[in-house]
Amino acid sequence: RTPPRREKPEDSRAGRLLGTMSAEEEFTSGNEEFVNQNWPKALEHFSRAAQADPSKAEYSLHKAAALTKMGSFDLAVEACHDAMKAEPNNAKPYLRKGMALQQKGDLAGARTVLETGQQKDPSNKQFATWLAKCGPAPAGGAGGGVG
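Predicted model only: the values in this text are computed from it and were never measured.

Trainee: Give a description of the overall build of the protein that names residues and reports values.
Mentor: Helices and strands together make up the secondary structure of the protein, namely eight helices and zero strands. Reading the secondary structure of the protein in the N-to-C direction produces α-α-α-α-α-α-α-α. Sorting the 147 residues of the protein into buried and exposed places 39% on the buried side. Partitioning the contacts of the protein with sequence separation of at least 6, the portion at a separation of at least 24 is 45%. When the accessible surface of the protein is totalled, it reaches about 8,800 Å², and 51% of it is carbon and sulfur.

Structure representation (structure tokens):
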């Protein structure tokens, strides 16, 4: 007697149709939509991936990227907080949060977050790039002229 045929996990089309994609499949589909600049669809997939496996900061970070592309900066910041909870020592959530705050126009908030992230990963040159977009550090303030 032959057991019923089950869809293979790698059959993402079947998974999409059945609504049974794994977190990694959702993430992969989200990346496909993101590359195609379909931000709402990418957000759907990244959100499902992050919900299915909240321990992976990468899922929330990509969710934040899609939200930023859509101009939903406050929600992007929330997604970054989820990533920070998942991986407290990961500098990327600080970078992504700083980027969202900078694009929102909160330059002081962005600078603070970016400086914190830069301390976690001094070799990441993107922190200096985004700090520069925040304008000069306030006189006597944090930052110490690094960047």
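Trainee: How would you summarise the packing of aromatic side chains if you had to cite specific residues and measurements?
Mentor: Counted by the stated rule, this structure contains four aromatic pairs. Judged by centre distance (5.8 Å) and plane angle (50 degrees), the ring pair of Phe 27 and Phe 46 falls under tilted. Of this pair, Phe 27 sits in helix α2 (residues 23-35) while Phe 46 sits in helix α3 (residues 39-52), and the two are 19 residues apart along the sequence. For Phe 27, a relative accessible area of 6% corresponds to the buried category. Note on Phe 46: relative accessible area 0%, which makes it buried. Judged by centre distance (6.4 Å) and plane angle (50 degrees), the ring pair of Phe 34 and Phe 46 falls under tilted. In this pair, Phe 34 is assigned in helix α2 and Phe 46 in helix α3, connecting sequence segments 12 residues apart. Cluster of aromatic residues (ring-pair linked, three or more members): Phe 27, Phe 34, Trp 39, Phe 46 and Tyr 59. Over the ring of Trp 130 we find Lys 133; its NZ or CZ atom is 3.9 Å from the centre of that ring.

Trainee: So what's going on with the environment of Gln 119? Residues and values would help.
Mentor: Secondary-structure assignment places Gln 119 in helix α7 (residues 107-120). When the C-alpha positions of Gln 119 and Ala 91 are compared, they lie 8.4 Å apart, and in sequence the two are 28 residues distant.

Trainee: Break down the confidence of the model for the protein for me, with residues and values.
Mentor: Of the residues in the protein, 82% reach a pLDDT of 70 or more, and the chain-wide mean stands at 87. The weakest mean pLDDT in the protein belongs to helix α1 (residues 12-18) at 46; the strongest belongs to helix α4 (residues 57-69) at 98. Contacts for the low-pLDDT stretch residues 143-147, under 50 throughout, to residues beyond four places or in other chains number three contacts.

Trainee: Outline the pattern of salt bridges, listing residues and values.
Mentor: Here the structure, examined in full by the defined rule, presents six salt bridges. Notably, a salt bridge pairs Asp 74 with Lys 104, separated by 2.6 Å at the nearest N-O pair. With Asp 74 in helix α5 (residues 73-86) and Lys 104 in helix α6 (residues 92-104), this residue pair connects regions lying 30 residues apart in the sequence. A residue is classified by how much of its surface remains accessible, and Asp 74, at 46% relative accessible area, is partly exposed. The class for Lys 104 is partly exposed, based on a relative accessible area of 43%. Among the ionic pairs, Glu 115 bridges to Arg 111, the shortest N-O distance being 3.3 Å. Here Glu 115 and its partner Arg 111 are both found in helix α7, four residues apart, which amounts to about one turn of the helix. A relative accessible area of 12% means that Arg 111 is categorised as buried.

Rules of the game
Think of each chain on its own: its residues are numbered from 1, step by step along the sequence as written. Residue-level local features of this predicted model are given only where pLDDT is at least 70; pairs of side-chain atoms are given and counted only at 80 or more, and the full residue set underlies all totals for whole chains, interfaces and linings. In computing side-chain properties, one takes all heavy atoms of the structure into account and sets aside hydrogens as well as water. Strands are runs of DSSP state E lasting at least 2 residues, helices are runs of H or I lasting at least 4, and numbering of each runs from the N terminus. A 1.4 Å probe rolled over the protein chains alone gives each residue an accessible area, and that area as a share of the maximum for its type sets the label: buried under 20%, exposed over 50%, partly exposed in between. Here a residue-residue contact requires only that any non-hydrogen atoms of the pair lie within 4.5 Å. In short, Shrake-Rupley with a 1.4 Å probe defines the accessible areas, and a residue's cover is counted only from the protein chains shown. Aromatic pairs are defined between Phe, Tyr and Trp rings, using the six-membered ring for Trp, whenever the two ring centres lie within 6.5 Å; interplanar angles under 30 degrees are classed as stacked, those over 60 as edge-to-face, and all others as tilted. Any Lys NZ or Arg CZ found within 6 Å of a ring centre and within 35 degrees of that ring's normal is scored as a charge over the ring. As a per-residue measure, pLDDT tells how confident the predictor is, with possible values from 0 to 100. A pair is scored as a salt bridge if a Lys or Arg side-chain nitrogen falls within 4 Å of a carboxyl oxygen belonging to Asp or Glu.

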